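# Architecture and fold: a report
Now for the letters of each chain:
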Amino acid sequence: DVKVTQSSRYLVKRTGEKVFLECVQDMDHENMFWYRQDPGLGLRLIYFSYDVKMKEKGDIPEGYSVSREKKERFSLILESASTNQTSMYLCASSNGVWEQYFGPGTRLTVT
Amino acid sequence: EDQVTQSPEALRLQEGESSSLNCSYTVSGLRGLFWYRQDPGKGPEFLFTLYSAGEEKEKERLKATLTKKESFLHITAPKPEDSATYLCAVQGGGTYKYIFGTGTRLKVLA
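Residues numbered from 1 in each chain as written. Chains lettered and ligands numbered in written order. Predicted model: local features only at pLDDT ≥ 70, side-chain atom pairs only at ≥ 80, totals over all residues. Heavy atoms only, no water.

## Some thoughts on the side chain of His29 of chain A
Here His29 of chain A lies in the loop between strand S3 (19-25) and strand S4 (31-38). When neighbours within four sequence positions are excluded, His29 of chain A is seen to be in contact with Arg68, Lys71, Ser93, Ser94, Asn95 and Tyr101 of chain A. (Helix = DSSP H or I, 4+ residues; strand = E, 2+ residues; numbered from the N terminus. Contact = heavy atoms within 4.5 Å.)

Following this line, the structure appears as structure tokens:
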């Protein structure tokens, strides 16, 4: 059974803090993605990675960075959290043109 | 620009009342169209992949179809447990990116 796990289900951080969200997949997938999901806006791509140490910006990369040191792990970093980064964060993985598999999500609140 | 539009935004059905959800798309060189189910507070769960016009896939009460411009998710005799948000996404040629619609919120009443 395929599995994508995320480090936290719920997270509360203060404005200005550095925040790390981690994602691990056990399917040996090449591609990994970070999205945020907000009501009425749907899923928006922040960053994706198609190989270890490779990354590409998605549609809304501002205020975020990523790290992929190992194939199974993809981290999202909020350098200095702001209230407008309060959201549901979803990690996904895939191989090539195949379907994505999503983690359970992290609901981040920045106060 | 690649785009996915889903309709309706929300749908309420009585148990057993069949209906269809629509996903209209514009993409350069469709590589795949994907349907997901998402329950509140959870990550999307993969349902189907369709690759070419005319293709159909079925799973229990759900059937997905694909034309050159749109896809339909048909729900036959739905049950309350089918209540969820259904998301459609496409992947175009020459990109790793998936473009998602904003989803259809389905509520099935007992």
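Text resumes after the structure shown.
## A short note on the pattern of salt bridges
Residues and elements named next belong to chain A. For the structure on display, the rule yields eleven salt bridges over all chains. With a shortest N-O distance of 3.6 Å, Glu79 and Lys18 are connected by a salt bridge. Taken together, the positions of Glu79 in the loop between strand S8 (73-78) and strand S9 (87-94) and Lys18 in the loop between strand S2 (10-13) and S3 put the pair 61 residues apart, joining distant regions of the chain. Residue Lys18 is classed as partly exposed on the basis of its relative accessible area, which comes to 46%. What emerges from the salt-bridge pattern is a single network uniting Arg36, Asp38 and Arg44. (Salt bridge = Lys/Arg side-chain N within 4 Å of Asp/Glu carboxyl O. Buried < 20%, exposed > 50% of the residue type's maximum accessible area, 1.4 Å probe, protein only.)

## Brief notes about the interface of chain B and chain A
On the side of chain A, 25 residues touch chain B, which itself brings 18 residues to the contact. Surface buried jointly by chain B and chain A totals about 1,800 Å² across both partners, of which 61% is contributed by carbon and sulfur atoms. When the area that chain B buries against chain A is broken down by residue, the three leading residues are Tyr96, Lys97 and Tyr98 of chain B, summing to 33%. Run the count over chain B and chain A and you get one salt bridge. (Buried area = accessible area lost by both parts, 1.4 Å probe.)

## Some points on the side chain of Ser93 of chain A
Residue and element names in this part refer to chain A. If you trace the backbone, Ser93 turns up in strand S9. Side-chain polar atoms of Ser93 contact the side chain of His29, separated by 2.8 Å. When near neighbours in sequence (up to four residues on either side) are disregarded, Ser93 contacts Val4, Gln25, Met27, His29, Asn31, Met32, Phe33, Glu99, Gln100 and Tyr101. (Polar contact = N/O pair within 3.5 Å; in protein donor to acceptor, adjacent residues only side chain to side chain.)

## Concerning the state of the cysteines
In a disulfide, the sulfur atoms of two cysteines are held together by a covalent bond. All names here are of chain A. Inspection of every chain in the model, using the stated rule, returns two disulfides over all chains. Here Cys23 pairs with Cys91 through a disulfide, and the sulfurs are 1.9 Å apart. Because the torsion about its S-S bond is -75 degrees, the bridge between Cys23 and Cys91 counts as left-handed. Taken as a pair, Cys23 in strand S3 and Cys91 in strand S9 lie far apart in primary sequence, 68 residues in all. An identical accessibility class is assigned to Cys23 and Cys91; each is buried. (Disulfide = S-S within 2.5 Å.)

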